[in-house]
Amino acid sequence: MKVVVARTLPAAGLQKLTERFDVEVGGLPFDRQWLYEHAAGAHAIVADPTVPVQRDLLDRAGDQLKVVSNFAVGFDNIDTEAVRERGLRATNTPNVLTNATAELAVALMQAAGRRIVETDGIFRRGEWVGWEPEQFLGRELSGATVGLVGFGRIGQRVAELLTGFEVELVFTDAQPMDEAAARHGAQRLDLDELLAVSDYVSLHVNLTPETKHMVNAETLARCKPGAILVNTCRGSVVDTAALVDALKNGPLAAAGLDVYENEPAVPEDLVQLPNTVLVPHVGSATRATRDAMATLCADNVIAVLSGEDPPTPVV
Ligand code: DGY
């Protein structure tokens, strides 16, 4: 059977696939034309967040196609409705990247709160004039109210990691999450209430039509003055122009971002702001996590092509 890897897959997963299937790998950078040519006759397509999987690609693959296996927990790049209509499976890689992503969210909170990148730049440019009593003042996590927008696996892991900081935890979620709320001592609020009380706001939702630009000029205006926004989910959850304005003119003090609306492009406005910490979509970027994602991604393909239920289906 033929498996088409749209770009690349770490060896931990690729080897499992090549041992069993006829595997074709598109390589980097992504070549859409290559994918369209090679998808024809594929039984499985391995995609990732940068690979749009729409009706035309599924049609191009043909009737033998069984599964689209995404090398990511997010699957907003896949037209799941089209997958469902065709009776195919789509899978993702949850759980294995929960900790890595949550750790990055906490790192961004601290980097933005304590002005790590801004002051590192000042130091490296030789602009530091020596210690001063009120220089480079930041904000501590301890004692802060942290608002988790989305209280799924990653949001809850952030809550766990913050235990030692003794923060006040509040969250929003479409589900009541009563058990998790009690376990983490977190209070469920609606988004407006959360924004009004949170010193740190960390985003952990899937990108859907409902969550696209859920952080916009209107919602940002409800943030507590001096709040810090952290985004490790998807760039399009935030309206970038509104974010830049809130960072320039308030109410936000800073932002720590791992994801952007039109990756890999990042608006120059954001880059020029001293109160942003910007990293290039590295939430899951540790050797152990990427290997575990690749293994799970391959296991999903193997299961479906063996006529079994995949370990982590989204359709
Ligand atoms: C995901 O898994 O959705 C991330 O964006 C990449 O790890």
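Residues numbered from 1 in each chain as written. Predicted model: local features only at pLDDT ≥ 70, side-chain atom pairs only at ≥ 80, totals over all residues. Heavy atoms only, no water.

A word on the overall build of the chain
Regarding its fold elements, the chain presents 13 helices and twelve strands. A compact globule built from 315 residues would reach a C-alpha radius of gyration of about 20 Å, and the chain, at 21 Å, matches this within 12%. Principal-axis analysis of the C-alpha atoms gives the chain an extent of 65 × 50 × 35 Å. Classification of the 315 residues of the chain by burial places 50% in the buried group. Restricting the contact set of the chain to residue pairs at least 6 apart, pairs at least 24 apart contribute 61%. Surface accessibility of the chain: about 14700 Å² in total, with carbon and sulfur atoms responsible for 51%. Mean positive and mean negative side-chain charge positions of the chain (27 and 43 charges, respectively) differ by 3 Å. (Helix = DSSP H or I, 4+ residues; strand = E, 2+ residues; numbered from the N terminus. Rg over C-alpha atoms; globule rule 2.2 N^0.38 Å. Buried < 20%, exposed > 50% of the residue type's maximum accessible area, 1.4 Å probe, protein only. Contact = heavy atoms within 4.5 Å. Areas by Shrake-Rupley, 256 points an atom, 1.4 Å probe, with all protein chains shown as cover. Lys, Arg positive; Asp, Glu negative; His and termini not counted. Charge placed at Lys NZ, Arg CZ, Asp CG, Glu CD.)

Re the packing of aromatic side chains
The relative placement of two aromatic rings is captured by the distance of their centres and the angle of their planes. In this structure the tally under the stated criterion is two aromatic pairs. Seen in terms of ring centroids, F151 and F171 are 4.1 Å apart; in terms of plane orientation they differ by 20 degrees. Their pairing is stacked. With F151 in the loop between β6 (145–149) and α7 (153–161) and F171 in strand β7 (residues 168–172), this pair connects stretches of sequence that are 20 residues apart. For F151, a relative accessible area of 0% puts it in the buried group. (Phe/Tyr/Trp six-rings, centres within 6.5 Å; stacked < 30°, edge-to-face > 60°.)

As for the pairing of strand β10 (residues 227–231)
By the criterion of burial, β10 is predominantly enclosed, with five of the five residues buried. Judged by which residues are buried, β10 turns out to be covered on both faces: A227, L229 and N231 on one side and I228 and V230 on the other are all buried. As judged from the four bridges shared by strand β9 (residues 200–203) and β10, these two strands associate in the parallel manner. Counted as the bridge partner of Y200 is I228 from β10. Sheet topology note: the β10/strand β11 (residues 252–257) ladder contains five bridges and is parallel. Opposite I228, over in β11, you have A254 as the bridge partner. Handedness of the crossover joining β10 and β11 through helix α11 (residues 240–249): right-handed. (Pairing = 2+ DSSP bridges. Right-handed = clockwise from strand over helix to strand, strands pointing away.)

Comments concerning unusual backbone geometry
Residue P29 follows L28 across a cis peptide bond; omega there is -5 degrees. Within the secondary structure, P29 sits in the loop between β2 (22–25) and α2 (32–39). Phi at R115 is positive, roughly 60 degrees, even though this residue is not glycine. Note that R115 resides in the loop between α5 (98–113) and α6 (116–124). Phi is positive for F136, close to 55 degrees, though the residue is something other than glycine. Residue classification places F136 among the partly exposed positions, given a relative accessible area of 30%.

Details of the nonpolar core
By size, the foremost hydrophobic cluster in this structure holds 47 residues, and its most contacted members are V3, L17, V146 and L162. Among the domains, domain 1 (2–96 + 287–305) and domain 2 (98–278) are the pair contributing at least three residues each to this core. Setting aside anything within four residues of it in sequence, one finds V3 in contact with L17, F21, D22, V23, E24, A44, V46, V301 and L305. Among the nonpolar cores identified, the runner-up in size contains 28 residues, and V170, L220, A227 and Y260 belong to it. (Core = buried A, V, L, I, M, F, W, Y, C linked by side-chain atoms within 4.5 Å. Domains from an automatic or database assignment.)

Some thoughts on the site of the ligand
Near the ligand the following residues occur: A72, V73, G74, L97, R234, H281, S284 and M293. One of the side-chain N or O atoms of H281 is found 2.6 Å from an oxygen atom in the ligand. Burial of the ligand by the surrounding chains reaches 89%, relative to a free accessible area of 230 Å². (Near = heavy atom within 4 Å. Polar contact = N/O pair within 3.5 Å; in protein donor to acceptor, adjacent residues only side chain to side chain.)

Examining the sheet that holds β6
Each strand in a sheet pairs with its neighbour through backbone hydrogen bonds, running either in the same direction (parallel) or in the opposite one (antiparallel). In spatial order, the strands read β8-β7-β6-β9-β10-β11-β12; together these seven strands make up an open sheet with parallel pairing. Across the chains shown, the open sheet's two edge strands, defined by having one partner strand only, are β8 (186–188) and β12 (276–278). Looking at each pair of strands side by side, their axes are set apart by 15 degrees on average, direction ignored. In this structure, β6 lies alongside β9, joined through four bridges in parallel fashion. When the bridges of β9 are listed, G147 appears paired with V201. (Axes fitted to C-alpha atoms, helices over the stretch in contact; angles between N-to-C directions.)

Description of the domain arrangement of the chain
If you check the domain split of the chain, you get domain 1 (2–96 + 287–305) and domain 2 (98–278). Between domain 1 and domain 2, the C-alpha centre-to-centre distance is 31 Å. Domain 1 puts eight residues into the contact, and the matching count from domain 2 is five residues. Buried area between domain 1 and domain 2, both sides added, is near 610 Å², and the carbon and sulfur share of it is 45%. Remark: the boundary between domain 1 and domain 2 carries one salt bridge. The salt bridge involving R234 is made with D76; its shortest N-O contact spans 2.9 Å. Where domain 1 touches domain 2, the interface holds two residue pairs in polar contact (both at pLDDT 80 or more). (Buried area = accessible area lost by both parts, 1.4 Å probe. Salt bridge = Lys/Arg side-chain N within 4 Å of Asp/Glu carboxyl O.)

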